[in-house]
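In case you want the letters, here they are:
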Amino acid sequence: MMSGSKKTVLAYSGGLDTSVMIAWLKEKHDLDVVAVLVDAGRASGLEDLRKKALSIGAVESYVVDAKDEFAHDFVLPAVAANALYEERYPLVSALSRPLISKILVEVAHKSGAASVAHGCTAKGNDQVRFDLGIRSLDPSLEILAPAREWGMTREQSMEYAAARGIPVPLKKESPFSVDENLWGRAVECGPLEDPRVEPPEDAFEVTMDPADAPDEPEHVEITFDAGEPVALDGREMPLLNLVSQMDILAGSHGYGRVDMVENRLVGIKSREVYEVPGALALITAHRELEDLTLPRELSHFKRGLEQKFADMTYYGGWYDPLMDAIRAFMAETQKRVSGTVVLKFYKGSCSMVGRTSPHSLYDVNLATYSSGDAFSHEAAKGFCELWGLPLEVWARKG
Ligand code: ARG
């Protein structure tokens with residue numbers, strides 16, 4: 001560690017583990033903790049948590065409002081890439097970790113800390129994302145992950161906290177481990193660990209039980225400008241508000257629940273429940289608009305890179321040079337992805353029911369089977385002859 005510095009910057013959540021960490025880092029490593037709470041959306045009570053860190057012994061404590069940065073620099077590229085890990089998970093936590101890493105590194109530089117700390121355990125993906133993110137941005141910073149080393153069970157953490165006057169959760173706590181931000185909620189643990197068991201209703205907060213959703217369908221028109229969603233039903237609004245409104249609207253119709261067994265990077269299969277109505281609706285609409293505006297080969301090639309984008313993000317590679325190149329590719333593809341898409345929500349479903357674009361490549365005169373057909377039927381015969389020539393040559397030799 002850099003001589004003279006005894007500070008460490010901790011990604012503080014306000015929960016039991018990172019609260020205990022403030023005391024533990026002092027006792028075990030003689031480090032003064034600078035606590036940082038990052039607001040990437042859907043957070044509440046942050047000012048109280050900022051004070052809580054100070055009351056436990058943090059020497060400095062900050063709330064960083066990173067909602068806009070998260071929306072523009074992380075969510076937007078994920079929309080451009082229609083990013084879904086294993087075709088279903090819109091990367092809620094995986095997208096926020098590189099942003100939090102960046103903020104930790106910035107605070108470390110400002111406060112003269114030579115190390116940063118996070119609260120991740122050894123079993124998850126998030127530790128990988130923090131470790132790789134931080135090392136990509138400043139390899140000279142030491143990374144501390146107390147929960148990976150201390151070997152305390154939840155009960156032992158409670159005892160540790162109680163013995164030091166650290167507030168422990170009083171009310172019966174939720175059995176779930178939840179991570180949430182603008183792009184959605186990830187819910188794990190408790191009864192969800194048995195993949196045979198249907199998730200109980202209290203695992204969900206932003207989505208209605210589809211059975212109780214309204215009996216009337218609701219349509220919403222989403223306008224995109226060069227890949228960016230900019231308006232709902234013709235009302236322009238900042239990306240942050242648009243994503244939140246989309247989330248509420250889609251969730252109120254019971255859309256956006258994902259229940260999957262996911263392959264973690266660390267080799268474990270885990271049962272994950274996500275609430276991601278806004279994310280899934282926007283990706284659905286965006287993909288439809290791409291089908292209308294991107295030419296065939298670009299579209300097919302892009303689908304392959306989209307999967308790479310999702311995997312790299314999931315695996316903690318946000319700051320990998322390959323990701324810079326993939327993001328540049330994605331941005332290039334978005335120039336003509338402008339227009340509107342109408343989605344229809346009804347009792348847990350979201351269907352795309354109409355799309356239009358000034359850059360539409362759909363030409364009714366080419367597609368029609370009625371009058372006005374402009375397609376060259378004569379050219380088709382020769383096209384088929386030459387396209388099939390290699391197959392014919394092969395078959396004649398058989
Ligand atoms: N399985 C998801 C992922 O790897 C969600 C992780 C949620 N994190 C958490 N600390 N509960 O991205």
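Calculation criteria
Residues numbered from 1 in each chain as written. Predicted model: local features only at pLDDT ≥ 70, side-chain atom pairs only at ≥ 80, totals over all residues. Pairing = 2+ DSSP bridges. Helix = DSSP H or I, 4+ residues; strand = E, 2+ residues; numbered from the N terminus. Core = buried A, V, L, I, M, F, W, Y, C linked by C-beta atoms within 7 Å. Buried ≥ 20, exposed ≤ 12 C-beta atoms within 10 Å, placed from the backbone. Domains from an automatic or database assignment. Contact = placed C-beta atoms within 7 Å. Nonpolar A, V, L, I, M, F, W, Y, C, P; charged D, E, K, R; others polar. Axes fitted to C-alpha atoms, helices over the stretch in contact; angles between N-to-C directions. Parallel < 35°, antiparallel > 145°, perpendicular 65-115°, else oblique. Left-handed = near helix turned anticlockwise from the far one by under 90°. Near = placed C-beta within 6 Å.

S.K.: How do you make sense of the sheet that holds strand β9 (residues 228–232) when you look at a structure like this?
M.R.: On the basis of which strands lie adjacent, the open sheet formed by five strands has the order β10-β9-β8-β13-β14 and antiparallel pairing. The two strands at the open ends of the sheet, each matched to only one other strand, are β10 (235–236) and β14 (349–356). Here β9 pairs with β10 via two bridges, running antiparallel. Each residue of the ladder has a partner; that of Ala-231, found in β10, is Glu-236.

S.K.: When you look at the nonpolar core in this model, what are you seeing that I'm missing?
M.R.: Generally speaking, soluble globular proteins have nonpolar side chains that are buried together. If you look at the biggest cluster of nonpolar residues, it comprises 85 residues, and the most contacted ones within it are Leu-10, Ala-35, Val-36, Val-75, Leu-91 and Leu-104. Of the residues forming this core, the biggest block, ten residues, is contributed by helix α4 (residues 92–111). Summarising the domain contributions, this core has at least three residues from each of domain 1 (7–163) and domain 2 (177–294 + 336–356). Beyond its immediate sequence surroundings of up to four residues, Val-36 is in contact with Val-9, Leu-10, Ala-11, Tyr-12, Tyr-62, Val-64, Ile-103, Leu-104 and Val-107.

S.K.: Explanation requested: the pairing of strand β8 (residues 218–225) in the structure shown.
M.R.: Walk down a regular strand and you will see the side chains alternate between the two sheet faces. Bridging between β8 and strand β13 (residues 339–346) involves seven bridges; their strand directions are antiparallel. In the strand pairing of β13, Glu-218 is matched with Phe-345. In the sheet, β8 pairs with β9 via four bridges, with the strands oriented antiparallel. Counted as the bridge partner of Thr-223 is Ala-231 from β9.

S.K.: How should I be thinking about the domain arrangement of the protein in this particular structure?
M.R.: Note: interface size is frequently given as the accessible area lost on complex formation between the parts. Split by domain assignment, the protein resolves into domain 1 (7–163) and domain 2 (177–294 + 336–356). Taking only C-alpha atoms, the centre of domain 1 and the centre of domain 2 are 26 Å apart. Domain 1 puts 26 residues into the contact, and the matching count from domain 2 is 30 residues. Taken together, the elements giving at least two residues each to the side of domain 1 that touches domain 2 come down to α3 (67–80) and α4. A total of nine residues in the side of domain 1 that touches domain 2 trace back to one element, the largest contributor, which is α3. When grouped by side-chain class, the residues that make up the side of domain 1 that touches domain 2 number 13 nonpolar, seven polar and six charged.

S.K.: Can you walk me through the sheet that holds strand β1 (residues 7–11) in this structure?
M.R.: Two strands in a sheet stick together by hydrogen bonds in their backbones, pointing the same way (parallel) or opposite ways (antiparallel). Reading across from one edge, β3-β2-β1-β4-β5 is the order of the five strands in this open sheet, with parallel pairing throughout. The strands lining the two open edges of the sheet, one partner per strand, are β3 (60–65) and β5 (142–144). Between one strand axis and the next, the sheet turns through 25° on average, direction left out of account. Against the sheet, helix α1 (residues 16–29) makes contact with β1, β2 (32–39), β4 (115–117) and β5, and its axis sits at roughly 155° relative to β2, the strand it touches most.

S.K.: I'm lost on the packing of α4 against helix α5 (residues 126–137) in this one. Help?
M.R.: Where α4 meets α5, the closest approach of the two axes is 8 Å, and the angle between their N-to-C directions is 40°. The angle between the axes of α4 and α5 places the two elements in the oblique class. Between α4 and α5 lies a crossing whose hand is right-handed. Along the contact surface, α4 presents Ser-93, Ala-94, Arg-97, Pro-98, Ser-101, Lys-102, Leu-104 and Val-105, while α5 presents Asp-126, Arg-129, Phe-130, Gly-133, Ile-134 and Leu-137. Looking at the contact of α4 with α5, its residues break down into seven nonpolar, three polar and four charged.

S.K.: Would you mind showing me how to read the site of the ligand here?
M.R.: Taken together, Ser-93, Ala-94, Asn-125, Asp-126, Ser-177, Asp-179, Ala-186, Glu-188, Glu-262 and Glu-272 make up all the residues around the ligand. For the shell around the ligand, the secondary structure elements donating two or more residues are α4, β6 (177–181) and β7 (184–188). Taken together, domain 1 (7–163) and domain 2 (177–294 + 336–356) each give at least three residues to the shell around the ligand, which thus spans both.

S.K.: What should I look at first to understand the packing of α3 against helix α8 (residues 239–252) in this one?
M.R.: Two measures define how a pair of helices packs: the angle their axes make with one another and the distance between the axes. Taken N-terminus to C-terminus, the directions of α3 and α8 make an angle of 80°; their axes are 9 Å apart at the nearest point. Viewed along their axes, α3 and α8 adopt a mutual orientation that is roughly perpendicular. Across from Lys-67, Asp-68, Ala-71, His-72, Val-75 and Leu-76 in α3, the residues of α8 making contact are Leu-239, Leu-240 and Val-243. Of the residues belonging to the contact of α3 with α8, the class tally is six nonpolar, one polar and two charged.

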